[in-house]
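Spelled out, the chains give:
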Amino acid sequence: MLGSALGAALRAKGVEPVVLDLPEFDLCRESDLADAVRISCVVINCAAYTNVDGAESEPELALAVNAHAVGVLGRLAAAQRVKVLHVSTDFVFDGMGEGPYSETDEPRPLSVYGAGKLAGERFLAASGCEHLMVRLQWTYGAGGANFITKCVTRGRESRELRVVSDQVGSPTWTRDAAAALIDLLGTGQAGLFHYAARGYAGRSEVAAFALGRLGVDCRVIPCPTDEFPTPARRPLNSRFNCDKVDEVLGRPRPTWQDSLSEFLDSMREGAD
Ligand SMILES: NC(=O)c1ccc[n+]([C@@H]2O[C@H](COP(=O)([O-])OP(=O)(O)OC[C@H]3O[C@@H](n4cnc5c(N)ncnc54)[C@H](OP(=O)(O)O)[C@@H]3O)[C@@H](O)[C@H]2O)c1
């Protein structure tokens with residue numbers, strides 16, 4: 001999902017990226033990584049094992065992709081003096097903190113997925129390569145199933161939808177995230193950044209907003225996370241403090257409502 005948005009954003013700027021994906025390219029095959037690094041000046045890693053619940057029953061694979069492969073990438077990139085832009089997640093936090101999480105807050109993942117992504121961050125940081133790491137959250141966009149598209153599909157199938165209200169964060173359009181990643185790269189910055197749309201909401205509020213915008217006749221009923229037991233625990237507080245990225249980029253991030261409206265309008269136009 002994010003990789004497609006990044007490819008489109010780069011092409012719009014006249015840059016033709018080399019896009020590598022399964023099955024031809026496997027992040028876990030060191031020779032594939034070595035070939036990728038050899039032909040690059042910057043490697044942007046959007047690949048990940050992203051099945052959060054699946055990771056609980058496939059921890060070896062999740063850790064191989066999200067942690068060990070990222071460390072190998074970093075080591076190869078360091079040797080070739082290639083910069084790595086790596087994408088991580090709010091799931092590195094346990095979500096029990098009161099306020100929005102900043103880059104200096106101590107991560108404490110609740111799930112195998114979160115632990116793997118955190119290990120990937122740490123392996124990359126220790127590899128010695130020049131790197132930029134950006135944690136994203138609640139992303140949606142074209143080219144993949146996500147919370148928004150699932151809500152819209154289910155909302156069109158029923159008159160009522162129960163959605164958790166106690167998970168709070170910022171739904172973030174991959175288009176906006178891709179633009180921020182490219183601009184961050186352009187600044188020459190290194191290190192860890194948080195990026196999300198501006199403003200916070202519970203998931204049920206986001207679902208109601210999306211269905212309302214599309215005129216879907218479905219009532220959203222807020223409920224607690226406990227009502228939906230899942231193999232992986234999710235952080236309740238996913239709010240990011242994005243002051244660092246705001247300062248570096250020097251422009252306001254779009255609000256989640258503005259971006260989501262634009263995305264939903266583009267979906268509607270696509271369906272016409
Ligand atoms: N989605 C979110 O809400 C969210 C939130 C925060 C951060 N992130 C992070 O954002 C990044 C992009 O995620 P996304 O939302 O775009 O997820 P996505 O749509 O699932 O994309 C992940 C891509 O990685 C590929 N992949 C998996 N294992 C691979 C391997 N061994 N070698 C090469 N490619 C492999 C997948 O291929 P297949 O499809 O063929 O498996 C898929 O194309 C990830 O780092 C993720 O952790 C996502």
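Rules used in this analysis
Residues numbered from 1 in each chain as written. Predicted model: local features only at pLDDT ≥ 70, side-chain atom pairs only at ≥ 80, totals over all residues. Helix = DSSP H or I, 4+ residues; strand = E, 2+ residues; numbered from the N terminus. Rg over C-alpha atoms; globule rule 2.2 N^0.38 Å. Buried ≥ 20, exposed ≤ 12 C-beta atoms within 10 Å, placed from the backbone. Contact = placed C-beta atoms within 7 Å. Pairing = 2+ DSSP bridges. Right-handed = clockwise from strand over helix to strand, strands pointing away. Axes fitted to C-alpha atoms, helices over the stretch in contact; angles between N-to-C directions. Left-handed = near helix turned anticlockwise from the far one by under 90°. Nonpolar A, V, L, I, M, F, W, Y, C, P; charged D, E, K, R; others polar. Near = placed C-beta within 6 Å.

Chemist: What should I look at first to understand the overall build of the protein chain in this one?
Modeler: A tally of helices and strands in the protein chain yields ten helices and ten strands. For 272 residues, the compact-globule estimate of 2.2 N^0.38 gives 19 Å, and the C-alpha radius of gyration of the protein chain, at 18 Å, lies within 12% of that figure. Counting only C-alpha atoms and orienting by the principal axes, one finds that the protein chain spans roughly 55 × 40 × 40 Å. A burial count over the protein chain gives 41% of its 272 residues as buried. Within the protein chain, contacts between residues separated by at least 24 positions form 82% of all contacts whose residues are at least 6 apart in sequence.

Chemist: Looking at this model, I keep getting lost on the environment of Leu 161. Mind explaining?
Modeler: With respect to the helices, strands and loops of the structure, Leu 161 is situated in strand 5 (residues 160–164). Contact partners of Leu 161, with chain neighbours within four places excluded, come to Cys 151, Arg 154, Gly 155, Ala 207, Cys 218, Val 220 and Ile 221.

Chemist: Quick question: what am I supposed to make of the pairing of strand 2 (residues 83–89) here?
Modeler: Along any regular strand the residues' side chains alternate between the sheet's two faces. Extensive coverage of strand 2 is indicated by the burial of six of its seven residues. In the sheet, strand 2 pairs with strand 3 (residues 131–136) via six bridges, with the strands oriented parallel. Counted as the bridge partner of Val 87 is Val 134 from strand 3. Handedness of the crossover is the feature at issue here: the chain leaves strand 2, passes through helix 5 (residues 112–126), returns alongside strand 3, and the resulting connection is right-handed.

Chemist: How should I be thinking about the packing of helix 2 (residues 30–38) against helix 4 (residues 59–80) in this particular structure?
Modeler: Helix packing for two helices is described by the angle between their axes and how far apart those axes are. Helix 4 packs onto helix 2 with a crossing angle of 35° between their chain directions and a minimal axis gap of 10 Å. Considering only the axes of helix 2 and helix 4, their crossing is right-handed. Of the residues in helix 4, those touching helix 2 at Glu 30, Leu 33, Ala 34, Val 37 and Arg 38 are Val 72, Leu 73, Leu 76, Ala 77 and Gln 80. Of the residues that constitute the contact of helix 2 with helix 4, the class distribution is seven nonpolar, one polar and two charged.

Chemist: Is there a simple way to explain the sheet that holds strand 2 in this structure?
Modeler: Note on sheets: strands pair through backbone hydrogen bonds, and any given pair is parallel or antiparallel. The strand order across the open sheet formed by four strands is 1-2-3-8, and the pairing between neighbours is parallel. Looking at strand neighbours, the two that pair on one side only are strand 1 (42–45) and strand 8 (191–194), the edges of this open sheet. Between one strand and the next, the sheet's axes are offset by a mean angle of 20°, whatever the strand orientation.

Chemist: Teacher, can you tell me more about the environment of Pro 231 here?
Modeler: Assignment of secondary structure puts Pro 231 in the loop between strand 10 (219–223) and helix 9 (243–249). Along the sequence, Pro 231 and Ala 5 sit 226 residues apart, while their C-alpha atoms lie 29 Å from each other. Once residues lying within four places of it in the same chain are set aside, the contact partners of Pro 231 are Asp 53, Glu 56 and Ser 57.

Chemist: Is there a simple way to think about the site of the ligand in this case?
Modeler: As a structural note, the neighbourhood of the ligand is formed by 24 residues, with Met 1, Leu 2, Leu 27, Ala 47 and Ala 48 the closest of them. A breakdown of the residues in the shell around the ligand according to their chemical character gives 14 nonpolar, seven polar and three charged.

All quantities given are derived from atomic positions and should not be read as evidence of function.
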